[in-house]
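Examining the three-dimensional arrangement
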Amino acid sequence: MNVVGRFAPTPSGRMHLGNAFAYLLAWLSARSAGGEIVLRMEDLDTLRCTEAHAESIREDLRWLGLVWDRETPPQRLRTAAYEEALEHLREKANVFPCWCTRGSLNLINAPHASDGHPIHPAACRLRSPAERAAMTGTPAWRLEAPDLTVSFTDGVYGEVSENLKEECGDFVLRRADGVFVYQLAVVVDDGEAGVNQVVRGCDLLSSTPRQIYLCRLLGLPVPAYWHVPMLTDGEGRKLSKRDADMDLGLLRQRYRPEELIGDLASRCGLIDKREAVSASELAQEFRWEKLEKRDIVMA
Ligand SMILES: [Zn+2]
């Protein structure tokens, strides 16, 4: 089977070194298997995402030598496909209107899901048609989480299992403002592009069982997953967009691409000593087993 990996950046700012690390691994995994890479802009947040940021991300990827084969339409242009998927889900499962707000969910004394959110209360799902008719305002649309344990083997973290009802709860597909959520969009887009390898940061590990469940309901093949370690500072704190010195704009003024890639590759175990190396050179020796399964300390 031809490997199809992907880069799925959110164009809300300059690329961050943590994103570059995940893209490097996605690219190495696909290229070392003779596969291709698809680029997709995840710009569901149309207020924060801009074409200027998207272009700076493309330019940073080219600078790193992480060339992609095709770019698929950005998520802001994909509403019709997500609407079609939502209709499909209504036929296969219980999709119900929800008027809960973040504030009301935080007030209830509910157990918390694996991603830290309060589990959505069953009382909302069990409203009668008359009670729903009496509600005011536009609802969000949620999918009932069944009492089903979804298991998969992550290429880095091994066996992962989650009971959707107990550990995730009913989840939003379309928000009250009409915006589709990442969970649905990512599954529909990867399915349409034929993506069969998903390599991304381990902060998304807890959302994977939900996405696998959506794939199954929509009749889409489930991709293979590799959730890669996060970059942290010396105190174990995850580096983020707030750490301006990890922004590619600044890093490009101080380093050549081969120096940056060699530094990342040596810190995560792909090469033995710190030396300049290009992405293409790394691809010749790449094996997932070399990657160290712990946070990558940048201090
Ligand atoms: Zn609700």
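Residues numbered from 1 in each chain as written. Predicted model: local features only at pLDDT ≥ 70, side-chain atom pairs only at ≥ 80, totals over all residues. Heavy atoms only, no water.

**A closer look at the overall build of the protein**
From N to C terminus, the protein includes 12 helices and 12 strands. For 299 residues, the compact-globule estimate of 2.2 N^0.38 gives 19 Å, and the C-alpha radius of gyration of the protein, at 20 Å, lies within 12% of that figure. Looking at the protein as a whole, 52% of its 299 residues are labelled buried. Within the protein, contacts between residues separated by at least 24 positions form 75% of all contacts whose residues are at least 6 apart in sequence. Summed over its atoms, the accessible surface of the protein is roughly 14200 Å², and 51% of this surface lies on carbon and sulfur atoms. (Helix = DSSP H or I, 4+ residues; strand = E, 2+ residues; numbered from the N terminus. Rg over C-alpha atoms; globule rule 2.2 N^0.38 Å. Buried < 20%, exposed > 50% of the residue type's maximum accessible area, 1.4 Å probe, protein only. Contact = heavy atoms within 4.5 Å. Areas by Shrake-Rupley, 256 points an atom, 1.4 Å probe, with all protein chains shown as cover.)

**So, the coordination of the zinc ion**
Distances from the zinc ion to its protein donors, Cys98 (SG), Cys100 (SG), His120 (NE2) and Cys124 (SG), fall within 2.0 to 2.4 Å. For the zinc ion, the four donor atoms in the first shell make angles of 99 to 116° at the metal, a pattern classed as tetrahedral. If you list the donors of the zinc ion from N- to C-terminus, the spacing comes out as C-x1-C-x19-H-x3-C. With a relative accessible area of 2%, Cys98 lands in the buried category. (Donors = N, O, S within 2.8 Å, 3.2 Å for Na, K, Ca; no water. Tetrahedral: all angles 85-135°; square planar, octahedral: opposite > 155°, others 65-115°.)

**Describing the pattern of salt bridges**
The final tally for this structure, using the stated rule, is 32 salt bridges. We note a salt bridge from Arg40 to Asp189, for which the minimum N-O separation is 3.6 Å. A residue pair is termed long-range when its members are at least 10 positions apart, and Arg40 in the loop between strand E2 (36–39) and helix H2 (51–64) and Asp189 in helix H8 (residues 182–193) qualify at 149 residues. The structure contains a network of salt bridges with shared partners spanning Arg14, Glu51, Glu55, Arg58, Glu59, Asp60, Arg62, Glu71 and Arg252. (Salt bridge = Lys/Arg side-chain N within 4 Å of Asp/Glu carboxyl O.)

**Some details on the environment of Asn163**
Looking at the secondary structure, you find Asn163 in strand E7 (residues 158–163). Sequence-wise, Asn163 and Pro146 are 17 residues apart; in three dimensions their C-alpha atoms are separated by 8.3 Å. Filtering out sequence-adjacent residues up to four positions away, Asn163 remains in contact with Pro146, Asp147, Leu148, Thr149 and Cys168. Reaching out from Asn163, the side chain makes a polar contact with the side chain of Asp147 at a distance of 2.9 Å. Within the structure, Asn163 has its side chain in polar contact with the backbone nitrogen of Glu166 (distance 2.8 Å). (Polar contact = N/O pair within 3.5 Å; in protein donor to acceptor, adjacent residues only side chain to side chain.)

**Some thoughts on the sheet that holds E2**
Taken in spatial order, the three strands line up as E1-E2-E3 in an open sheet, and their pairing is parallel. Lying at the two open borders of the sheet, with one neighbouring strand each, are strand E1 (4–7) and strand E3 (70–71). With four bridges joining them, E1 and E2 adopt parallel strand pairing. From the neighbouring strand, Val4 faces E2, where its bridge partner is Glu36. Along the sheet, helix H1 (residues 17–32) makes contact with E1 and E2, crossing E2 at roughly 145°. (Pairing = 2+ DSSP bridges. Axes fitted to C-alpha atoms, helices over the stretch in contact; angles between N-to-C directions.)

**Quick notes on the packing of helix H3 (residues 79–92) against helix H9 (residues 208–218)**
The geometry of H3 relative to H9 is characterised by a closest axis approach of 9 Å and an angle of 85° between their N-to-C directions. On the basis of the axis angle, H3 is roughly perpendicular to H9. Along its contact with H3, which presents Ala85, His88, Leu89 and Lys92, the element H9 presents Leu214, Leu217 and Leu218. The residue makeup of the contact of H3 with H9, split by class, is five nonpolar, one polar and one charged. (Parallel < 35°, antiparallel > 145°, perpendicular 65-115°, else oblique. Nonpolar A, V, L, I, M, F, W, Y, C, P; charged D, E, K, R; others polar.)

**Side note on the sheet that holds strand E8 (residues 171–174)**
As summarised here, the arrangement of the three strands in space is E4-E5-E8, forming an open sheet in which the pairing is antiparallel. Because the sheet does not close on itself, it has two edges, and the strands there are strand E4 (95–98) and E8. Shown here is a sheet whose adjacent strand axes are inclined to one another by a mean of 45°, direction ignored. Of the strand pairs in this sheet, E4 and strand E5 (residues 140–143) are connected by four bridges, and their pairing is antiparallel. Pairing of Cys98 across the sheet is with Ala140, part of E5. Contacts from H3 reach E4, E5 and E8 within the one sheet, and its direction differs from that of E8 by about 130°.

**Digging into H9**
Judged by how many residues are buried, H9 sits mostly within the fold: 10 of 11 residues are covered. Turning to H9, its buried residues are Thr208, Pro209, Arg210, Gln211, Ile212, Tyr213, Leu214, Cys215, Leu217 and Leu218. Phi turns positive, to about 70°, at Gly219, one or two residues after H9.

**Brief notes about the side chain of Ser29**
Along the chain, Ser29 falls in helix H1. Judged by relative accessible area, Ser29 falls into the buried class, the value being 4%. Of note is the side chain of Ser29, whose polar atom sits 2.9 Å from the side chain of Gln197. When sequence neighbours within four positions are dropped, the list of residues in contact with Ser29 reads Gln197, Val199, Phe286 and Trp288.

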